[in-house]
Amino acid sequence: MSAVCLRTEKLRKHYGGLRAVDGVDLEVRQGERRAIIGPNGAGKTTLFHLLSGEVPATSGRIFLFGQDITRLPSYRRTALGIGRTYQVTNLFPRLTVLENALLATFGLRREKYDPFRAAWQHRQALEDARRLLEEFGLWEKRDWPIGSLSYGEQRQLEIVLALAGRPRLLLLDEPTAGLSPAETQVVTRLVAGLDPQITVLLIEHDMDVAFQVAQRVTVLHFGRVLAEGTVDEVRGNPEVQAIYLGVGEL
Amino acid sequence: MGLRWVGWALGAAVALALPQVLPLYFTHLVLLTMIYGLSAMSLDLLAGYTGLTSFGHAAYFGAAAYTVGILTTQHRVPPALAFPAGVAAAAALAAVYGLLATRAVGVYFLIITLALGMGTWGLAYRWSSVTGGDNGLPGIPPLELGLPWSTADPKHLYYLILVIFCLATFLLYRLVRSPFGLSLRGIRESEGRMRMLGYNTWLHRYVAFVVAGTFAGLAGSLYAFYNRFVSPPDLHIAASAEAVLMVILGGAGTLFGPLVGAGIVVFLRNLVSAYTHRWMLILGVVFVLTVMYAPQGVAGGARALWARWRGRAVTPPVAGPGKEPVAER
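Residues numbered from 1 in each chain as written. Chains lettered and ligands numbered in written order. Predicted model: local features only at pLDDT ≥ 70, side-chain atom pairs only at ≥ 80, totals over all residues.

Further remarks concern the nonpolar core. Of all hydrophobic cores here, the largest spans 160 residues; its most connected members are A101, V160 and L202 of chain A together with I35 and A90 of chain B. Those residues in contact with V160 of chain A, other than ones at most four positions away along the chain, are A101, A104, L132, L133, F136 and L138 of chain A. (Core = buried A, V, L, I, M, F, W, Y, C linked by C-beta atoms within 7 Å. Buried ≥ 20, exposed ≤ 12 C-beta atoms within 10 Å, placed from the backbone. Contact = placed C-beta atoms within 7 Å.)

This is the structure in structure tokens:
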């Protein structure tokens, strides 16, 4: 059995009276592909914010490969191997595609502090950016501003930025949201084809995508884990069917 | 590439020939443009590149100028020492003020820098025993750095300031193209994403703040030795606002734009005021026209025209953003 990549203990986030995340215990093993599903407002994205460090936890603890990261700021967690994408595209709109990718490849390098040599003169960072952009078919458009990319390309660049830091744990927040069926297939294949060493946590509304990519599924409801298991177990769970999948649809 | 070198050579030739060809008064205006331009370029590092509009930038300019004034007139410190001391004082002030100001972003940052700038002005105005109060500090000696030729000759002084200006501009030019400069633009666009990419964004903002203050201090030191007199208006809020004006006029987020903006302000003030007391009115009209017809400033507008003239077969036009005023970010 592989090592435990991510573990949370009674993780909570309360906004006043609202319990967005209400005591979540999670254990994800290295290399696992785990889908997080649940109705709107179930706390999925808040859970990601807690894991990535963008929102402080009210209580509970988070461990990454056994190390307690509950109180670390997000940039320190990135250095420890967490990468994430956003549900609402979060790129650098007035920079070019290549500049976006370079920012990502510099993120964990000491050269990011270099105030003198031009960014493109850092061969290794540039090479990494080129490799990633080529992999996603975006190298040809490297000098384009973000606004000129199609929405589907922007969603792919989201993943490029998250992968540039060579994460051990990748948090994908609805990577296919708003994509056409064809684009959804591209992104799904891409996620399925990621390095098997990378642990992937995936929030997904499209059940086909979730069930295609993930081996295990966690169902959140009102900030709590309602069910967890293999794809078939979750599909067959009557409670899940009632609140989320809709009775009779499966 | 070839065209660019021709451009540089042409620029250098013009800069070198200027004091030989132009009357002394115009040389004086060009010098003022360089000094205020350096200050505006350093402000642009914050306002244009990092997205943090400081409304107290004259404080660092003034701190350097006053340090030079106090050291040379009251303590007889030689210019060669007073000059770097002025820059260091501005850097130190920015290092302290930065701790307070960089806790905030957006309009809160603007207000904090405004308050700090006003406090600094108050200090210069009220602490008469040291700063001379309203009378300022006259009698600053010329910038004699122990060079083989004397800077008492305005032409020599021009070349000395030109060299320092070019060195500083070169450093800024390298900085905005470096990974660090890129990180500032990233913070402007999405600070949260930058943190998630592994950047300690506060540190980057703080360093940018101190660097901007240091370069403004360099301009302030030059100013003190050139003007030979420092007084409270040099670090008044109006001077800070004027620096912001230069940045917006010339083009925020472009390196040379603020220099152009400084030129517009300096020349308008000095040439138009010869004909009318209402030169501020003219400046206001120019400002309104710029915001209406070239919201990205003179340099931004010129860049857009250039792109249109060259055709955009390869690169599509920059979409939407960039039109919103800098101060609102």
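All names here are of chain B. By the element assignment, A104 lies in the loop between α4 (79-101) and α5 (106-126). Judged by the 14 C-beta atoms lying within 10 Å of it, A104 falls in the partly exposed class. In this structure the C-alpha to C-alpha distance between A104 and T50, which are 54 residues apart in sequence, comes to 13 Å. Excluding its chain neighbours within four sequence positions, the residues that come into contact with A104 are F109 and I112. (Helix = DSSP H or I, 4+ residues; strand = E, 2+ residues; numbered from the N terminus.)

This part covers the sheet that holds strand β2 (residues 18-29) of chain A. Residue and element names in this part refer to chain A. Spatial strand order, β2-β1-β4-β5: four strands in an open sheet with antiparallel pairing. Every interior strand has two partners, whereas the edge strands, β2 and β5 (67-68), have only one. Pairing geometry for strand β1 (residues 4-15) and β2, over nine bridges, is antiparallel. By the bridge assignment for β2, R7 is matched with E27. The sheet contacts of helix α1 (residues 44-52) involve β1, β2 and β4 (59-64), and relative to β2 the element is tilted by about 65 degrees. (Pairing = 2+ DSSP bridges. Axes fitted to C-alpha atoms, helices over the stretch in contact; angles between N-to-C directions.)

A separate point is the pairing of strand β7 (residues 169-173) of chain A. Residue and element names in this part refer to chain A. Taking burial as the measure, the five residues of β7 include five buried ones, the bulk of the element. Where β7 lies against strand β8 (residues 199-203), five bridges are found, and the strand directions are parallel. The residue bridging L169 from the neighbouring strand is T199, located in β8. In this fold, β7 hands off to helix α6 (residues 181-192), which returns the chain to β8; that crossover is right-handed. (Right-handed = clockwise from strand over helix to strand, strands pointing away.)

Another point: the environment of Q30 of chain A. Residues and elements named next belong to chain A. As for its position among the elements, Q30 is in the loop between β2 and β3 (33-37). The exposure class assigned to Q30 is partly exposed, which follows from the 17 C-beta atoms found within 10 Å. For the pair Q30 and C5, spaced 25 residues apart in the sequence, the C-alpha separation amounts to 4.8 Å. For Q30, the residues in contact, after removing those within four places along its chain, are S2, A3, C5 and T199.

It is worth spelling out the packing of helix α12 (residues 257-272) of chain B against helix α14 (residues 297-310) of chain B at this point. Residues and elements named next belong to chain B. Put simply, α12 and α14 touch, their axes get as near as 7 Å, and they point 125 degrees apart. In terms of their interaxial angle, α12 and α14 are classed as oblique. When α12 is examined against α14, the residues G257, V260 and G261 are found in contact with a partner set consisting of G297, V298, A299 and G300. Looking at the contact of α12 with α14, its residues break down into three nonpolar, four polar and no charged. (Parallel < 35°, antiparallel > 145°, perpendicular 65-115°, else oblique. Nonpolar A, V, L, I, M, F, W, Y, C, P; charged D, E, K, R; others polar.)

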